[in-house]
Amino acid sequence: MNIPNLAMPIETVRGSHYEMGLQHGQAYRHVIVANIHAYALRHDFQGTDEESDKALEPIRRGDETFAPWVFDELRGIAEGSRVPLALITRMHLRVWNNVPRKELTPSSGGCTGIGMIAKKDGVIVGGTLDDPRQSYVLIRRIPRNGISHVQVIWAGSCWGHNGTNAAGLCLAQSSLGCTVPGLSYDNSKRRIRNSTSGRILLERCEDVPQALKMLKRIQSTESLVIGDAKGNLVACQSLGGFCQAFQPAKGKQDFLFNTNHIHMPELVAKVTAAGCVPKVTEYSMTRFATLERARASMPRTVRTMQHLLRSHAGHPNCICNDGTVTATYALPQSRPGVLFVADAPPCRNEFHAYELVPV
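Residues numbered from 1 in each chain as written. Predicted model: local features only at pLDDT ≥ 70, side-chain atom pairs only at ≥ 80, totals over all residues. Heavy atoms only, no water.

A few points about the packing of aromatic side chains
How two aromatic rings sit relative to each other is given by the distance of their centres and the angle of their planes.
1) Next: Following the criterion strictly, the structure yields 9 aromatic pairs and no others.
2) Next: Arranged with centres 4.8 Å apart and planes meeting at 25°, the rings of Trp-96 and Trp-154 form a pair that is stacked. Of this pair, Trp-96 sits in the loop between α6 (85–92) and β2 (112–118) while Trp-154 is found in strand β5 (residues 149–154), placing the two residues 58 residues apart along the sequence.
3) Next: With relative accessibility at 1%, the residue Trp-154 sits in the buried group.
4) Next: For the cation-ring pair, Arg-94 lies above Trp-159, with the distance from its terminal atom to the ring centre recorded as 4.4 Å. (Phe/Tyr/Trp six-rings, centres within 6.5 Å; stacked < 30°, edge-to-face > 60°. Helix = DSSP H or I, 4+ residues; strand = E, 2+ residues; numbered from the N terminus. Buried < 20%, exposed > 50% of the residue type's maximum accessible area, 1.4 Å probe, protein only. Lys NZ or Arg CZ within 6 Å of the ring centre and 35° of its normal.)

Some details on the sheet that holds strand β4 (residues 136–143)
1) Next: The strand order across the open sheet built from 8 strands is β1-β4-β5-β6-β7-β8-β9-β10, with neighbouring strands paired in mixed fashion. The open sheet terminates on both sides in strands that have one partner only, identified here as β1 (10–15) and β10 (243–248). Strand-to-strand twist in this sheet, taken as the mean axis angle between neighbours without regard to direction, amounts to 20°.
2) Next: With 2 bridges connecting them, strand β6 (residues 160–165) and strand β7 (residues 170–174) associate as antiparallel partners. When the sheet's bridge partners are listed, Gly-163 is paired in β7 with Leu-171.
3) Next: Along the sheet face, helix α1 (residues 17–27) touches β1, β4 and β5 and points at about 155° away from the line of β1. (Pairing = 2+ DSSP bridges. Axes fitted to C-alpha atoms, helices over the stretch in contact; angles between N-to-C directions. Contact = heavy atoms within 4.5 Å.)

Some details on the pattern of salt bridges
1) Next: Summed over all chains, the structure comprises 14 salt bridges.
2) Next: Taking the shortest distance from any N to any O, the salt bridge between Arg-90 and Asp-49 comes out at 3.1 Å. Here Arg-90 is found in helix α6, whereas its partner Asp-49 is found in helix α4 (residues 49–66), with 41 residues between them in sequence.
3) Next: On the basis of relative accessibility, which here comes to 36%, the residue Asp-49 falls in the partly exposed class.
4) Next: The closest approach of N and O atoms between Asp-343 and Arg-133, which form a salt bridge, is 2.8 Å. With Asp-343 in strand β13 (residues 335–343) and Arg-133 in the loop between β3 (122–130) and β4, this residue pair connects regions lying 210 residues apart in the sequence.
5) Next: We classify Asp-343 as buried; its relative accessible area is 6%.
6) Next: Linked by salt bridges that have partners in common, Glu-73, Arg-141, Arg-199, Glu-203 and Arg-204 make up one network. (Salt bridge = Lys/Arg side-chain N within 4 Å of Asp/Glu carboxyl O.)

As for the side chain of Gln-244
1) Next: One can find Gln-244 in strand β10.
2) Next: Within the local environment of Gln-244, its side chain forms a polar contact with the backbone oxygen of Leu-215, the two atoms lying 2.9 Å apart.
3) Next: A polar atom in the side chain of Gln-244 sits 3.3 Å from the side chain of Gln-219.
4) Next: With sequence-adjacent residues up to four places away left out, Gln-244 is seen in contact with Leu-215, Lys-216, Gln-219, Ser-220, Gln-237, Ser-238 and Leu-267. (Polar contact = N/O pair within 3.5 Å; in protein donor to acceptor, adjacent residues only side chain to side chain.)

Written out as structure tokens, the structure is:
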């Protein structure tokens, strides 16, 4: 069967956060309504509204502290999509991941982040996003006060994952997938506990040093590979409120990656010293081993990045798998302000270039 090559649709929003939210809500209303029914209203596992709201309060406080503009944008999304603000807010706060009756498991987080420095193209940052495809859309934001950027986002929220901005900062995000059993977290400290961190970096930071400073401030719980137009490339892993670790490309043969388990020595040592044993899945270890082999044997090129993002090595625990939403890569030095995106499944679709429009 001749399957057509699909390009991921994109919408452009601009203005204040409220105005961008309004346009977002109008453009993606039907996707947002579907997301609300599939996630924000799934009370069969969430418990009562009171339990849910109590569990979401720390996440809400983190956004209020570090990204208060989120709530103006959520109001715009609610008005544009004609969905009650309470449900839009609950979805933005990821109620399905943050309820008292739902224990996070190692398989609940996916995604792969990869970074390399090529002789021809310089820094390359790529990654796959593993989650429900129907929940995600591609958006180009041109904020009145902030840096323009392109990002793969969860429709109806202010957060997203892989993307690049007009200053040349780009990132690929992944999750550790679960908390570490027995580890004592400081839950009193305000920090960004959902994927708003990637949005903050793209809209507020121009390069890797600024991004690292921001990550230390907001104590993000995400794992990221971040590169910039100045040639900087770093991988970051975080156990929010417990420890952060940063790994520069220079000490890793100009080839970095994250799957979904703790691998940076600083984090491993600290967790081990606390007497805890992280859970690690075959899903994460298989992809990690694929990338370790690639670091030892493959050239640092755009073609290598595309090959890895489409890789079926170790099936079904492969980088490109049945749960892959999309694959992206950015070339902040040779093609700044462009995000290359292959819609699901990346192994069958070409990468299309999405450029930032002028402010």
